[in-house]
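Commentary on secondary and tertiary structure
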Amino acid sequence: SLCSIVYSVSAQTDVDTIVYDGLDRLYEFHIPASYDGSEEVPLVFNMHGRGSNSYQQRIYSQMDGVADLNNFIVVYPNAEFINNLRQWNLTYEVSAPGVTPVIPDDVGFVDSLIDFFIANYAIDTNRIYTCGMSAGGFVSYFLSCALGERFTAMASITGLPPLSVVDSCPSARTVPVMQVHGTADSTVEYFPFPGYIGVEGAVELIRDRNGC
């Protein structure tokens, strides 16, 4: 079931909750000042890193101003706590409502947010994107595989494809990718490390999967 509770933070900014899979899932969003519903606009999801949250990602990325300049709606979803740390579920394993420990269905949460914004705003469904920093990049890869028919393209800043994406990508549609990384990155290493294929491995995976 879907339910939205809205309270205004500023004229064009809101914090909402949507009830999904028995959980009150929080997200923040920003509507550009030029939006009046007369034309369809892009929708961009901006995903926070491991241990961070939607508010911190909003301040850190400063994407509200970019949305104002380029006339798109930006959404900042908030992850749940897994093992006492706020982080995204990068697997297809989920727990049933009310079962402990909570393993949230983040794919379903984002999918429901897409439906909500399409139902309530003039959204160009051919221009829906996901991006993120660190674990926000990891989950953007994951979402682009799980919801490839919905996302036009994705961008990862110092994030890599999680093993769930390396092993399986159920979406029939290949999603264009922008990968932003540095060889001296101390947040997520550029070169392969245990459990991750590294940036060059990620680019090779994308190239092969997308037929580049």
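Thresholds, definitions, all that
Residues numbered from 1 in each chain as written. Predicted model: local features only at pLDDT ≥ 70, side-chain atom pairs only at ≥ 80, totals over all residues. Heavy atoms only, no water. Buried < 20%, exposed > 50% of the residue type's maximum accessible area, 1.4 Å probe, protein only. Helix = DSSP H or I, 4+ residues; strand = E, 2+ residues; numbered from the N terminus. Pairing = 2+ DSSP bridges. Polar contact = N/O pair within 3.5 Å; in protein donor to acceptor, adjacent residues only side chain to side chain. Contact = heavy atoms within 4.5 Å. pLDDT = per-residue confidence, 0-100. Phe/Tyr/Trp six-rings, centres within 6.5 Å; stacked < 30°, edge-to-face > 60°.

**Focus: the pairing of strand β2 (residues 13–20)**
Buried residues dominate β2, accounting for seven of its eight residues. Here eight bridges tie β2 to strand β3 (residues 23–30), and the two strands are oriented antiparallel to one another. Across the sheet, the residue bridging to Asp16 is Tyr27, located in β3. What sits between the antiparallel neighbours β2 and β3 is a turn of two residues, in which Asp21 has the positive phi angle 55 degrees.

**So, the side chain of Ser52**
With respect to the helices and strands, the residue Ser52 is situated in the loop between β4 (41–47) and α1 (54–61). Of the residues examined, Ser52 reaches a relative accessible area of 16% and is grouped as buried. One polar contact links Ser52 to Gln56, side chain to side chain, over a distance of 2.8 Å. Beyond its immediate stretch of four places on either side in the chain, Ser52 contacts Gln57 and Arg86.

**Quick notes on unusual backbone geometry**
As a rule of thumb, non-glycine residues mostly have phi less than zero, and peptide bonds are mostly trans rather than cis. With omega at 0 degrees, the peptide bond leading from Thr100 into Pro101 counts as cis. Even without a glycine there, the phi angle at Gln62 is positive, about 55 degrees. Along the chain, Gln62 falls in the loop between α1 and α2 (63–70). You will see that Asn71, though not glycine, has its phi angle at about 60 degrees, which is positive. Tracing the chain through its elements places Asn71 in the loop between α2 and β5 (73–77).

**Topic: the confidence of the model for the protein chain**
Averaged over every residue, the pLDDT of the protein chain is 92; the share at 70 or more is 94%. For residues 1–11, every residue scores under 50 in pLDDT, and the model assigns this stretch 24 contacts once sequence neighbours within four places are set aside.

**Describing the packing of aromatic side chains**
This model, assessed by the stated rule, comprises 13 aromatic pairs. Measuring from ring centre to ring centre gives 5.5 Å for Phe117 and Tyr121, while their planes differ by 25 degrees; the resulting arrangement is stacked. For Tyr121, a relative accessible area of 21% translates into the label partly exposed.

**Overview of the side chain of Arg58**
Its location among the elements puts Arg58 in helix α1. A polar contact of 3.0 Å, which involves the side chain of Arg58, links it to the backbone oxygen of Phe29. Apart from residues no more than four positions distant in its own chain, Arg58 is found in contact with Thr13, Asp14, Glu28, Phe29, His30, Met63, Asp64 and Tyr76.

**Some thoughts on the environment of Arg127**
Looking at the secondary structure, you find Arg127 in strand β8 (residues 123–133). Along the chain, Arg127 and Phe45 lie 82 residues apart, while their C-alpha atoms are 11 Å from each other. Ignoring anything within four residues of it in the chain, the contact list for Arg127 reads Glu40, Pro42, Leu43 and Thr152.

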